[in-house]
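# Architecture and fold: a report
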Amino acid sequence: MNTALGLISFGLAFVALVLAVIWLVLSLIRKDQRTKYSKRTGFAILAMFVLFGVGGYFADADMNETAIEAGYASVEEMRAAEAAGFEDAQSYHADKAAREAEAVRQVEIVKQEAERLQAETDRVAREKAEADAAACRQSLSCYGEKYMAAASTYCPGEIERLSKWDHEWTDGMLEMKFSHYRWKDQEAGIVDFIGDKLKLQNGFGAWQNVVYVCSFSTSPEMVVEVSAAPGRL
């Protein structure tokens, strides 16, 4: 059906082309009727393009129907199969499925390799962190500096509770409350943080500089005990 309609449209388009040529020639010969023949020529050309378009549509529809009957999804797929050298839809689809399966397999291989590399990177980073932590645990200066900030957060409140009356911190805004540290129990990870930036008031209202010590556990992070004695470092 589509083939017949396409052929009829192409035939009519050819007739319109012939008429357009004839009327174009007559418009050149019959100058007194040039306007009439020019209009006819224009209509004939317009009709020719329309009919060629209609014929092409039916031709494409017929080819698409033929492709579907042959087992292809569309005429474009049939042309792709023919260009690739396949003689039937079954072999083309089998090859396409195989290529898609291989593509999926390759993606999975790349994904697994990426996961393996990430796991290896994480392992190396974890082992390095553990080694660094173990090395730091053996160094008082490393361990003290590592937990200085935590001690400066947890210890001051506990030290202030040593005062029976009033107290006054003498450290500046950017100055640390602790200036020294020492091991109290290296195996347990307990460090004494020491400072002298505090004045305590006695019962007579006098102020006295004191040296304070905060024994700080690093695992878990908590204050073990605090003490203070008159003096300066």
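Structural notes, computed from the coordinates. (Residues numbered from 1 in each chain as written. Predicted model: local features only at pLDDT ≥ 70, side-chain atom pairs only at ≥ 80, totals over all residues. Heavy atoms only, no water.)

### Details of the environment of Ala-151
Note the cut-off: Numbering goes from the N terminus for both helices and strands, where a helix is a DSSP run of H or I of at least four residues and a strand is a run of E of at least two. Throughout this description, buried means an accessible area under 20% of the type-specific maximum (1.4 Å probe, protein chains only), exposed means over 50%, and partly exposed covers the range between.
Along the chain, the position of Ala-151 falls in helix α5 (residues 140–160). For Ala-151, a relative accessible area of 0% corresponds to the buried category. Residues Ala-151 and Asp-192 lie 41 residues apart in sequence; the distance between their C-alpha atoms is 9.4 Å.

### A closer look at the state of the cysteines
Here is the rule we go by: Pairs of cysteine sulfur atoms within 2.5 Å are what we label disulfides.
Overall, the coordinates contain 2 disulfides when judged by the stated rule. Through a disulfide, Cys-136 is tied to Cys-142; the S-S separation comes to 2.1 Å. One quick way to see it: the torsion about the S-S bond of Cys-136 and Cys-142 is about -110°, and its sign makes the bridge left-handed. On the basis of relative accessible area, Cys-136 is assigned to the buried category, the value being 6%. Linked covalently through their sulfurs, Cys-155 and Cys-214 form a disulfide whose S-S length is 1.9 Å.

### Remarks on the packing of aromatic side chains
Selection rule: Geometry of aromatic contacts follows a simple scheme: Phe, Tyr and Trp rings, the Trp one being its six-membered ring, pair when their centres are within 6.5 Å, and the pair is stacked under 30 degrees between planes, edge-to-face over 60, tilted otherwise. Here, a charge over a ring means that NZ of Lys or CZ of Arg falls within 6 Å of the ring centre while also lying within 35 degrees of the ring normal.
Enumeration over the complete set of coordinates arrives at 8 aromatic pairs. Taking 6.2 Å as the distance between ring centres and 65° as the angle between the ring planes, the aromatic pair formed by Tyr-181 and Phe-193 counts as edge-to-face. Of the two residues, Tyr-181 is situated in strand β2 (residues 180–185) and Phe-193 in strand β3 (residues 190–201); the sequence distance between them amounts to 12 residues. We classify Phe-193 as buried; its relative accessible area is 0%. Taken together, Tyr-154, Trp-169, Phe-178, Tyr-181, Phe-193, Tyr-212 and Phe-216 form an aromatic cluster joined through their ring pairs. The ring of Trp-169 has Lys-177 lying over it, and the distance from NZ or CZ to the ring centre is 4.9 Å.

### Section: the pairing of β3
Selection criterion: Strands qualify as paired when DSSP identifies two bridges or more between them.
Of all 12 residues making up β3, 10 are buried, and the element is well covered by its neighbours. Sheet analysis places β2 next to β3, joined by 5 bridges and oriented antiparallel. From the neighbouring strand, Asp-185 faces β3, where its bridge partner is Ile-190. Linking β2 to β3, which pair antiparallel, is a turn of 4 residues; within it Gly-189 sits at a positive phi near 75°. Sheet topology note: the β3/strand β4 (residues 207–218) ladder contains 10 bridges and is antiparallel. Bridge pairing in β4 places Lys-199 opposite Asn-209. Connecting the antiparallel pair β3 and β4 is a turn made up of 5 residues, with Gly-205 showing a positive phi of about 90°.

### Focus on α5
Note the following rule: A helix is expected to span 1.5 Å for every residue after the first. By definition, a residue's bend is the angle between the axes fitted to the seven residues ending there and the seven starting there. Note on contacts: a residue pair qualifies if any of its non-hydrogen atoms lie within 4.5 Å across the two residues.
An ideal rise of 1.5 Å per residue puts 30 Å on 21 residues; α5 reaches only 26 Å between its terminal C-alpha atoms. The axis of α5 is deflected most strongly, by about 45°, at Met-148. Along α5, the residues classified as buried are Tyr-143, Gly-144, Tyr-147, Met-148, Ala-150, Ala-151, Cys-155, Pro-156 and Ile-159. If you follow the buried residues of α5, they end up packed against α4 (89–137), β1 (167–169), β2, β3, β4 and β5 (221–230).

In short, the description is geometric, and any link to function would need to be established separately.
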